[in-house]
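Structural features, examined
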Amino acid sequence: MSNDIYLVGTDMIRFGRFEDATPPKLAAQAALMALADCGLSMKDVQALYSGNCSETMVGQRTLQLIGQTGIPVVNVTNACATGATAFREAWIAIKAGLYDVVLAVGAEKMGKGMLVPKNSRGTPILTEGLMGSSTMPAVFAQMGMEHTRKYGTTLRQFAKVSEKNHHHSTLNPKAMYQRETPLDEVMSSEMIAYPITKLMCSVNVDGSAAAVLCSERKARELGLMDRAVRVRGSALASDPFTERNLVQADVNTVTRLAAQTAYEMAGVGPEDVDLVELHDCFATAELCHYENLGLCGEGEAGAFLDSGATTLGGKVPVNMSGGLLSKGHPLGATGIANIYEIATHLRGEAGARQVEGARIGLTHVVGLGSACAVHILEKV
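The sections below set out a description of the structure shown in this document.

The secondary structure content of the chain amounts to 12 helices and 11 strands. Here the C-alpha atoms of the chain give a radius of gyration of 19 Å, agreeing with the 21 Å that 2.2 N^0.38 yields for 380 residues. Projected onto its principal axes, the C-alpha coordinates of the chain cover approximately 55 × 50 × 40 Å. Looking at the chain as a whole, 57% of its 380 residues qualify as buried. Accessible surface, the chain as shown: approximately 14,900 Å² in total, 52% of it carbon and sulfur.

Listed below in structure tokens is the structure:
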């Protein structure tokens, strides 16, 4: 029997606005849905890893709603990589031989409007005019402008990312928004931080997603291999030391580090990947991550997008869920929601947005600061 770990159950709620919900209530919904997906209950779960960025003890408070059995609970926070980190910790725990069945849950209740950095007292850090801006639109606008400086990437190409992802969202019943945004509408919407317009920004929403992981021995014992998805690679990276200004995180380098580790662990390369869910917090980021993940060569991201390679029916469809731009971005849930999307395609259960013949999928998420998680999943 191998030491492989399998995803046997996964689900997510439709992302949206839930005024009366709390993170534990959101997490409880997704947890029960994921358990139902594989026919298990809390009595079968040996440990819980809970991802949330805003509150304390969410994991324990979730179990108060769905069943307290005395199992160990670990609460995880890692910015936008929180959910993926919780998933990875669950994977590690089974890999280490501690458990056979582990539940990973991510949940978040988001405020409206722009996210701003805060100090330990919760007071916003005002950096405008001192070192440019550390607001998220400005950080990723700079990322896009640097790509334009080097390779001539255009506003139109950045806007096409949003047009594509919003189109994909119309095929996803769990996405927050499910409407087309034609290219002219994207380009003419309110300018937030050039070249990023409002329709090139991710959507702050409430949401939750969950996954049940199993050792191979236990998955076979429980008869769960028919719909199981193998976790073939799991990587987590942080920023390496450089002499640069340490205030500015480098999402390009941290992504390349995590991707290289995941590919090596899985024994595959980017040419083997059939579909990708990546961190399109802003449209500029998606284009840059085509290159960071090795989907195309340096400076080729714009042309790669223009070729149709990353849309449904293309060489390697990206963000079939609608991505963060349209599905929504509840920080603690995003990483597991990406895994849910890939697993759904590998199982052949994605309906109208199904990537035909998908066997290997990749998920990617970056928490600025930085933490990057990359997972490679394989159809059994």
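Let's pick the thread back up.
Per the stated rule, a full pass over the model turns up 20 salt bridges. Among the ionic pairs, Asp 206 bridges to Lys 109, the shortest N-O distance being 3.2 Å. Residue Asp 206 is found in the loop between strand S6 (196-197) and strand S7 (207-215), and its partner Lys 109 is found in the loop between strand S4 (101-108) and helix H4 (136-151); the two are separated by 97 residues along the sequence. When the shortest N-O distance is used, the salt bridge between Glu 378 and Arg 230 registers 3.4 Å.

Note on helix geometry: an α-helix contains 3.6 residues per turn, so any two residues three or four positions apart are oriented the same way. Most of helix H9 (residues 283-292) is tucked away: 10 of the 10 residues are buried. Residues of H9 that are buried include every one of Ala 283, Thr 284, Ala 285, Glu 286, Leu 287, Cys 288, His 289, Tyr 290, Glu 291 and Asn 292, and no others. Positive backbone phi, approximately 80 degrees, marks Gly 294, located one or two places after H9.

Moving on, we get to the packing of H4 against H9. Here H4 crosses H9 at 55 degrees, and the two axes come no closer than 8 Å. Taken together, the axis directions place H4 and H9 in an arrangement best described as oblique. Pair H4 / H9 crosses with left-handed handedness. When H4 is examined against H9, the residues Phe 140, Ala 141, Met 143, Gly 144, His 147 and Tyr 151 are found in contact with a partner set consisting of Thr 284, Ala 285, Cys 288, His 289, Glu 291 and Asn 292. Residues belonging to the contact of H4 with H9 are distributed by class as follows: six nonpolar, five polar and one charged.

Strand order in the open sheet made by the nine strands is S3-S2-S4-S7-S1-S8-S11-S10-S9, with mixed pairing throughout. In this open sheet, the two edge strands, each paired with only one partner strand, are strand S3 (73-76) and strand S9 (275-277). Neighbour to neighbour, the strand axes of the sheet diverge by 25 degrees on average, direction disregarded. Where strand S1 (residues 5-12) and strand S8 (residues 229-238) come together, two bridges link them in antiparallel fashion. Each residue of the ladder has a partner; that of Leu 7, found in S8, is Val 229. Sheet strands in contact with helix H2 (residues 58-66) are strand S2 (47-51) and S3, and its direction is about 125 degrees off that of S3. Helix H12 (residues 331-346) rests against S1, S2, S4, S7, S8, S9, strand S10 (360-367) and strand S11 (371-379) of the sheet, and its axis sits at about 170 degrees to S10.

Relative to the elements of secondary structure, Glu 341 occurs in helix H12. The exposure class assigned to Glu 341 is buried, which follows from its relative accessible area of 1%. The spacing of Glu 341 and Leu 199 is 142 residues in sequence and 22 Å in space, taken between C-alpha atoms.

Of all nine residues that make up S7, nine are buried, and the element is covered over most of its length. The alternating pattern of S7 places Gly 207, Ala 209, Ala 211, Leu 213 and Ser 215 on one face and Ser 208, Ala 210, Val 212 and Cys 214 on the opposite face, and all of these are buried. Here seven bridges tie S1 to S7, and the two strands are oriented antiparallel to one another. Within S7, the position partnered with Tyr 6 by the bridge is Cys 214. Here S4 runs beside S7; their pairing, made up of eight bridges, is antiparallel. For Val 105, the partnering residue across the bridge sits in S7 and is Ala 210.

Cut-offs used in this document
Residues numbered from 1 in each chain as written. Predicted model: local features only at pLDDT ≥ 70, side-chain atom pairs only at ≥ 80, totals over all residues. Heavy atoms only, no water. Helix = DSSP H or I, 4+ residues; strand = E, 2+ residues; numbered from the N terminus. Rg over C-alpha atoms; globule rule 2.2 N^0.38 Å. Buried < 20%, exposed > 50% of the residue type's maximum accessible area, 1.4 Å probe, protein only. Areas by Shrake-Rupley, 256 points an atom, 1.4 Å probe, with all protein chains shown as cover. Salt bridge = Lys/Arg side-chain N within 4 Å of Asp/Glu carboxyl O. Axes fitted to C-alpha atoms, helices over the stretch in contact; angles between N-to-C directions. Parallel < 35°, antiparallel > 145°, perpendicular 65-115°, else oblique. Left-handed = near helix turned anticlockwise from the far one by under 90°. Contact = heavy atoms within 4.5 Å. Nonpolar A, V, L, I, M, F, W, Y, C, P; charged D, E, K, R; others polar. Pairing = 2+ DSSP bridges.

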